[in-house]
Amino acid sequence: MTFDPTQPWGRLCAVDPAPLAAWVTWGSARAPWVVQAGHKPARLHSGWPEGLVRSLAEAVLVAALALSDGHPLTYREVVLSRVPPGLVHPMHVDQRESAWWTRVHVPLITHAGAWHEFEEDYGERFTMLAGWAYWFDASRRHAFGNDGESDRVHLVLDVVRL
């Protein structure tokens, strides 16, 4: 894979989301959906399966390091993003810290009705497929939504320079 900062998104690496997706499907009823670590090193909520989350995050980080031109990287914010059917989040730009390198989405539960779009792509929507991690430039105007009949769940993490 390649990282092209002139593009708004792309595939980063292949991943195995099945173990964490199974936990989301069967064991996450009492766990929070969003945990944000702010500008501190990433930490996980005690209700999350730490080993499953960290193994996916570390695999993503290894792939990112290979594309970073030798810059040391780490991940900061770790979020389980659930988008229920019918939700549309309009065009927006996400805030980022100065050391921000990229945002990574790892689809855990997805389908053809779950979409993202960038304003610069003139409304062309795309779906992120399970089994891949995607880099995503959240500093560009983008929107997302779910036109399907079931939830869309992604593990989302921000990768930053050390």
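Refer to the structure above for everything that follows.
Quick look at the structure, then. (Residues numbered from 1 in each chain as written. Predicted model: local features only at pLDDT ≥ 70, side-chain atom pairs only at ≥ 80, totals over all residues. Heavy atoms only, no water.)

Let's talk about helix α2 (residues 50–67)
Note on helix geometry: an α-helix contains 3.6 residues per turn, so any two residues three or four positions apart are oriented the same way. Heads up, the rule is: Segments assigned H or I by DSSP are reported as helices when at least four residues long, segments assigned E as strands when at least two residues long, and all are numbered from the N terminus. Expected span of a helix: the number of residues minus one, times 1.5 Å. The buried label applies to any residue whose accessible area, calculated with a 1.4 Å probe on protein chains only, is under 20% of its type's maximum; exposed applies above 50%, and partly exposed to all values in between. The directions considered for the arc are those from the helix axis to the C-beta atoms.
Its 18 residues give α2 an end-to-end C-alpha distance of 26 Å, which sits within 8% of 26 Å, the value for a rise of 1.5 Å per residue. Listed in full, the buried residues belonging to α2 are Val 53, Leu 56, Ala 57, Val 60, Leu 61, Ala 63, Ala 64 and Leu 67. When α2 is viewed along its axis, its buried side chains cluster within an angular range of 165° and face the same direction. Away from the buried face of α2 by more than 90 degrees, exposed residues Gly 51, Val 62 and Ala 66 are located. Just past α2, the residue Asp 69 takes up positive phi, approximately 60°.

A short note on the pattern of salt bridges
Applied cut-off: For this document, the term salt bridge refers to a Lys or Arg side-chain nitrogen within 4 Å of an Asp or Glu carboxyl oxygen.
One pass over the full model with this rule turns up eight salt bridges. The residue Arg 125 makes a salt bridge to Asp 147 at a minimum N-O spacing of 3.1 Å. Linking Arg 125 in strand β7 (residues 125–126) with Asp 147 in the loop between β9 (142–146) and β10 (152–161), this pair joins segments that are 22 residues apart in sequence. In this structure, the salt-bridge partner of Asp 137 is Arg 140, at a minimum N-O distance of 3.0 Å. For Asp 137, a relative accessible area of 13% corresponds to the buried category. With a relative accessible area of 16%, Arg 140 lands in the buried category.

Some remarks on unusual backbone geometry
Keep in mind that most residues, glycine aside, have a negative phi and that most peptide bonds are trans. Of note in this structure, Asp 69 is not a glycine but carries a positive phi near 60°. Mapped onto the elements of the fold, Asp 69 is located in the loop between α2 and β3 (73–83). Judged by its relative accessible area of 71%, Asp 69 falls in the exposed class.

Things to note about the sheet that holds β7
Let me state the cut-off plainly: A strand pair is defined by DSSP finding two or more bridges across the two strands.
As summarised here, the arrangement of the four strands in space is β4-β9-β6-β7, forming an open sheet in which the pairing is antiparallel. At either end of the open sheet lies a strand with only one pairing partner, and these are β4 (88–92) and β7. With five bridges joining them, strand β6 (residues 114–118) and β9 adopt antiparallel strand pairing. Residue pairing for β9: Phe 118 is matched across the bridge by His 142.

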